[in-house]
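Chain by chain, the residues:
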Amino acid sequence: MSEHLTTVAHVPVDTRHFIGGERIASARTFTDVSPIDGTPLGEIARGGAPEADAAVAAARAAFPGWADTPRAERARLLGAVADGVEKRLEELAVVETHDNGALLRSHRRGVMPRVAHNFRFFADRLLRLEHEDFETRGHTQHVSWDPAGPCVLITPWNAPLLLATWKAAPALAAGGTVILKPSEWSPLTASLLADIATAAGLPPGVLNVVQGYGPEAGAALVGHPDVRRVSFTGSVPTARRIAASAAAHLTPLSLELGGKSPLLVFADADLELAVDLAVQQYDNAGQVCLAATRILVEEPVAGEFTHRLAEKAARLRQGDPRDATTDLGPLVHPRQREKVDGFVRRALEAGARAVVGGPPGEGRGAARTGGPYYPPTLLTDVAQDSEIVQEEVFGPVLTLQTFTTEDEAVHLANDTRFGLAATVATGDHERARRVTARLVAGTVWVNCFYVRDLRAPFGGSRQSGVGREGGDWSFDFYCDLKTTVSAPNGWTDHA
Ligand code: NAI
Ligand code: MG
């Protein structure tokens with residue numbers, strides 16, 4: 001077996017970059033580790049400026065041919081990528097679980113089918129993408145979506161292939177070429193995607209994967225003068241660095257940056273539903289940008305709600321993410337666990353009370369399998385201006401506060417620097433209408449959570465992001481929109 005192949009749960013994964021249709025090694029590597037038990041999964045190529053340059057050059061060379069490929073043919077090839085994802089769904093699910101520790105059953109049932117759907121959806125959308133022509137004083141005005149060029153996609157570890165393809169599918173459909181830089185904590189499925197793209201017949205250079213660390217490979221890609229778009233999902237501090245570096249060439253950016261989203265529970269809500277919505281926020285061990293981690297409950301039902309939530313949260317089963325009965329796997333990395341634990345300890349020092357969970361006792365959870373596990377935690381007695389209420393934890397940690405009026409609920413909900421999502425539990429349609437209108441958020445759910453159609457725009461307000469992707473908004477971002485004005489019969493109006 002080649003020294004550049006690693007085997008993860010019987011699946012061979014190439015550890016090199018994928019540039020211009022070829023596998024390229026780097027002199028340096030980094031070790032990818034499984035959070036399940038700390039097993040090293042492979043020595044991954046550690047790219048930097050030379051690899052970034054090579055990948056952008058390959059994407060640039062492939063761009064004219066891909067941009068000129070008829071829409072129907074591009075759509076067919078993306079459909080073939082979707083077929084390839086479906087064919088290798090089990091392998092993708094297993095490898096992703098080993099790499100980032102998220103539940104195998106979620107990867108099988110929800111995440112990987114959605115990865116295939118990303119390609120099918122944007123292929124289909126491409127075929128319908130049109131704007132009716134305008135008529136102005138005898139002139140026809142035609143709007144077209146011209147592909148912009150090489151697109152750099154920088155993605156995080158919490159949903160690696162889902163987020164990579166949510167960006168790559170529309171970028172490719174639009175006729176752009178792609179350089180994907182996955183997170184160094186979850187590099188494997190991006191490499192499998194490169195194999196799938198090759199098998200599907202995607203021309204060399206259309207999809208490239210550069211592996212490596214953010215400040216090395218990522219920074220070199222983002223600051224490259226030949227890159228026409230940068231789409232990033234991750235943290236606010238990294239987004240600032242990316243924006244500063246993209247500023248040098250005024251490269252258009254799309255940024256999706258997580259948040260501190262609220263779940264508002266009104267006394268008129270179906271309390272069982274509200275409790276279920278709250279428990280759902282522990283999904284993926286809380287490593288979800290959209291998670292409603294601030295629970296705001298109306299005073300009269302707060303006691304009953306807290307009691308029921310605590311009971312359900314305490315019953316969640318934590319363990320090996322490959323096990324079908326596990327509800328919560330490990331966090332992605334020991335460093336993330338330290339970060340989460342630090343937030344919780346500081347909150348407790350500041351006066352918070354752990355109704356459920358809290359800092360694990362010596363070896364608890366972690367001792368069982370050696371991974372960076374953190375127990376589902378619910379904190380009360382937290383101040384609105386405290387760190388635990390204002391900062392994104394990205395772990396299974398929820399805070400609970402109470403309110404007495406609708407105004408106060410809206411005020412608390414909006415009182416952070418974020419604005420990604422908000423969830424409202426209420427049985428009163430009028431209240432739902434009033435409250436949702438006042439919430440600052442890219443997505444608002446009423447009596448439901450996480451349901452998201454790819455036709456809808458997605459993104460964050462305030463520091464949760466810049467721009468929107470999804471549906472035609474994705475094409476607007478990855479394309480240069482062009483208006484062509486034609487004067488029929490050579491007639492022009494100089495007036
Ligand atoms: P991060 O934002 O540093 O990493 C995300 C991606 O950006 C990775 O692929 C990384 O290699 C890349 N990157 C880092 N520095 C870069 C640079 N200078 N130029 C270009 N690319 C760069 O996030 P990290 O450190 O993995 O997680 C830290 C916190 O970020 C989490 O605890 C959580 O609060 C938040 N986060 C939010 C996510 C979301 O979905 N919005 C996803 C992941 C993390
Ligand atoms: Mg990993």
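Scroll up to find the structure.
Presented here is a report on the structure given in the accompanying data block. (Residues numbered from 1 in each chain as written. Chains lettered and ligands numbered in written order. Predicted model: local features only at pLDDT ≥ 70, side-chain atom pairs only at ≥ 80, totals over all residues. Heavy atoms only, no water.)

## Here we look at the coordination of the magnesium ion (ligand 2)
To keep it simple, the criterion reads: The rule for donors is simple: an N, O or S atom within 2.8 Å of the metal counts, and for Na, K and Ca the reach is 3.2 Å. Water is not among the atoms, so a site may look short of donors. Secondary structure elements follow DSSP: runs of H or I of four or more residues count as helices, runs of E of two or more count as strands, with numbering from the N terminus.
Within the protein, Asp32 (OD), Asp99 (O), Asp99 (OD) and Trp185 (O) serve as the donor atoms for the magnesium ion (ligand 2), at 2.2 to 2.5 Å. Linear spacing of the donor residues for the magnesium ion (ligand 2) on their chain is D-x66-D-x85-W. Of this pair, Asp32 sits in strand β5 (residues 29–33) while Asp99 is found in helix α3 (residues 89–100), placing the two residues 67 residues apart along the sequence.

## Quick look at the environment of Leu78
Put simply, the test is: Buried, partly exposed and exposed residues are distinguished by accessible area as a fraction of the type maximum, computed with a 1.4 Å probe on protein chains only: under 20%, between the cut-offs, and over 50%, respectively. Two residues form a contact once any of their heavy atoms are found within 4.5 Å.
Note on placement: Leu78 falls in helix α2 (residues 71–87). Among the residues examined, Leu78 registers a relative accessible area of 0% and is labelled buried. In the structure, Leu78 is positioned 95 residues away from Ala173 in sequence and 7.4 Å away in space, judged by C-alpha atoms. Not counting chain neighbours up to four residues away, the residues in contact with Leu78 comprise Phe119, Ala123, Ala169, Leu172 and Ala173.

## Digging into the nonpolar core
Cut-off, in case you're wondering: We call a set of buried Ala, Val, Leu, Ile, Met, Phe, Trp, Tyr and Cys residues a nonpolar core when their side-chain atoms join them within 4.5 Å. Just so you know, the domain bounds were taken from an automatic or database domain assignment.
Core analysis: the largest hydrophobic core is formed by 117 residues, its most contacted members being Leu202, Val265, Ile295, Phe305, Leu309 and Ile388. Taken together, domain 1 (5–257 + 460–483) and domain 2 (262–446) each give at least three residues to this core, which thus spans both. Leaving out residues up to four positions away in the same chain, Ile388 has contacts with Lys260, Phe343, Ala347, Leu379, Val382, Val393, Val397 and Thr399. Formed by 24 residues, the second largest nonpolar core is a distinct cluster that contains Ala58, Ile179, Leu253 and Leu255.

## Observations concerning the pairing of strand β6 (residues 40–45)
Our working rule: Two strands form a pair only when DSSP identifies at least two bridges running between them.
One ladder, built from 5 bridges, connects β5 with β6; its direction is antiparallel. Its bridge partner lying in β6, Thr31 is registered against Glu43.

## Side note on the site of ligand 1
What counts, and what does not: Think of it this way: one heavy atom of a residue within 4 Å of a molecule or strand is enough to make that residue near it. Residues adjacent in sequence count toward polar contacts only when both atoms are side-chain atoms; beyond that, a polar contact is any pair of N or O atoms within 3.5 Å, and within protein one must be able to donate a hydrogen and the other to accept it. All accessible-area figures derive from a Shrake-Rupley calculation using a 1.4 Å probe, and residue coverage is judged against the displayed protein chains alone. As a working rule, the residues Ala, Val, Leu, Ile, Met, Phe, Trp, Tyr, Cys and Pro are called nonpolar, Asp, Glu, Lys and Arg charged, and the rest polar, with Gly in that last group.
In the vicinity of ligand 1 lie 27 residues, with Thr155, Trp157, Lys181, Glu184 and Lys339 positioned nearest. Between ligand 1 and the protein, one listed contact pairs an oxygen atom with a side-chain N or O atom of Lys181 at 2.7 Å. Contact distances for ligand 1 include 2.8 Å between an oxygen atom and a side-chain N or O atom of Thr238. If ligand 1 stood free it would expose 820 Å²; the protein chains cover 89% of that surface. Sorting the residues of the shell around ligand 1 by element identifies α7 (214–222), β12 (229–233), α8 (236–247) and α11 (334–349) as the ones contributing at least two each. The dominant element in the shell around ligand 1, judged by the number of residues it contributes, is α7, at 4 residues. Among the residues forming the shell around ligand 1, the class breakdown is 11 nonpolar, 11 polar and 5 charged.

## Looking at the packing of α3 against helix α4 (residues 104–128)
The condition that has to hold: Whenever a helix is involved, its axis is fitted only over the stretch in contact; in every case the axis is a line through C-alpha atoms, and angles between N-to-C directions fall within 0 to 180 degrees. Note that the term roughly parallel is reserved for angles under 35 degrees, roughly antiparallel for angles over 145, roughly perpendicular for angles of 65 to 115, and oblique for everything else. In this scheme the crossing of two helices becomes right-handed for a clockwise turn of the near helix relative to the far one and left-handed for an anticlockwise turn of less than a right angle.
In contact at an axis separation of 9 Å, α3 and α4 are set at 125° when each is read in the N-to-C sense. In terms of orientation, α3 and α4 fall into the oblique class. Considering the relative orientation of α3 and α4, their crossing is right-handed. Between α3 and α4, the contacting residues are Leu89, Glu90, Leu92, Ala93, Val94, Glu96, Thr97 and Asn100 on the first element and Leu104, His107, Arg108, Met112 and Pro113 on the second.

## Details of the environment of Asp146
Summarising the element assignment, Asp146 is placed in strand β8 (residues 139–147). Spatially, the C-alpha atom of Asp146 lies 18 Å from that of Leu250, the residues being 104 residues apart in sequence. Discounting chain neighbours no more than four positions away, the residues touching Asp146 are Cys479, Asp480 and Lys482. Polar contacts involving the side chain of Asp146 include one to the side chain of Lys482, which spans 2.7 Å.

So yeah, pure geometry; function would need other evidence.
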